[in-house]
Amino acid sequence: MDTNIRKGISEGMQVQIELASKVGNEYIVMHSTKIDICGHKENLMADPLYSMLIVEMTKYGNMSIDCPIEKGNYFVRGFHADDENMMVKMAPYGDYRMDVDLKHLEKGSKEPTPVFDMKMYATFMAE
């Protein structure tokens, strides 16, 4: 993944992360979290989805979903979750999707502006 952030953001960053499991032909959301990442920095890593995403993304590039986000070019290459990660260890075999939706709510605005949205797919299986 490559992206260009054209404007630095230091407040009003909202991220929604959903983890869904495939059941039949559709994905069912198992866990969803919505976080103001600039407003509650002390509690961010307590959320298992957010902490997994931050830890794993920083291993494979220079992108992080953390506040502030500086203007610039960012990338993530070869991303995968570590087998020792708690979320990975707890997940039963199957197909999964993680949706990450990052938005910016500017002061005085009622509607957030999309920054980026991504979907990641994974299959957990026995070795």
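Keep in mind the model is a prediction, meaning the values are calculated, not measured.

Draft legend 1. Structural detail: the overall build of the chain. Check the secondary structure of the chain and you find 2 helices and 6 strands. Listing the helices and strands of the chain from first to last along the sequence gives β-β-β-α-β-α-β-β. For 127 residues, the compact-globule estimate of 2.2 N^0.38 gives 14 Å, and the C-alpha radius of gyration of the chain, at 15 Å, lies within 12% of that figure. With the principal axes as the frame, the chain shows a C-alpha extent of 50 × 30 × 30 Å. Within the chain, the proportion of its 127 residues that are buried is 32%. Put simply, 59% of the contacts in the chain that link residues at least 6 apart link residues at least 24 apart. Just so you have it, the chain exposes about 8000 Å², and 51% of that area is on carbon and sulfur atoms. Between the mean site of the 14 positive side-chain charges and the mean site of the 20 negative ones, the chain shows a separation of 7 Å.

Draft legend 2. Here's a closer look at the pattern of salt bridges. For the structure shown, the criterion picks out 5 salt bridges. Of the charged contacts, one joins lysine 7 and glutamate 106 as a salt bridge, the two residues approaching to 3.7 Å between their closest N and O atoms. Of the two residues, lysine 7 sits in the loop between β1 (2-5) and β2 (13-23) while glutamate 106 sits in the loop between β5 (94-104) and β6 (113-124), which places them 99 residues apart along the sequence. We classify lysine 7 as partly exposed; its relative accessible area is 48%.

The rules behind the values
- Residues numbered from 1 in each chain as written.
- Predicted model: local features only at pLDDT ≥ 70, side-chain atom pairs only at ≥ 80, totals over all residues.
- Heavy atoms only, no water.
- Helix = DSSP H or I, 4+ residues; strand = E, 2+ residues; numbered from the N terminus.
- Rg over C-alpha atoms; globule rule 2.2 N^0.38 Å.
- Buried < 20%, exposed > 50% of the residue type's maximum accessible area, 1.4 Å probe, protein only.
- Contact = heavy atoms within 4.5 Å.
- Areas by Shrake-Rupley, 256 points an atom, 1.4 Å probe, with all protein chains shown as cover.
- Lys, Arg positive; Asp, Glu negative; His and termini not counted.
- Charge placed at Lys NZ, Arg CZ, Asp CG, Glu CD.
- Salt bridge = Lys/Arg side-chain N within 4 Å of Asp/Glu carboxyl O.

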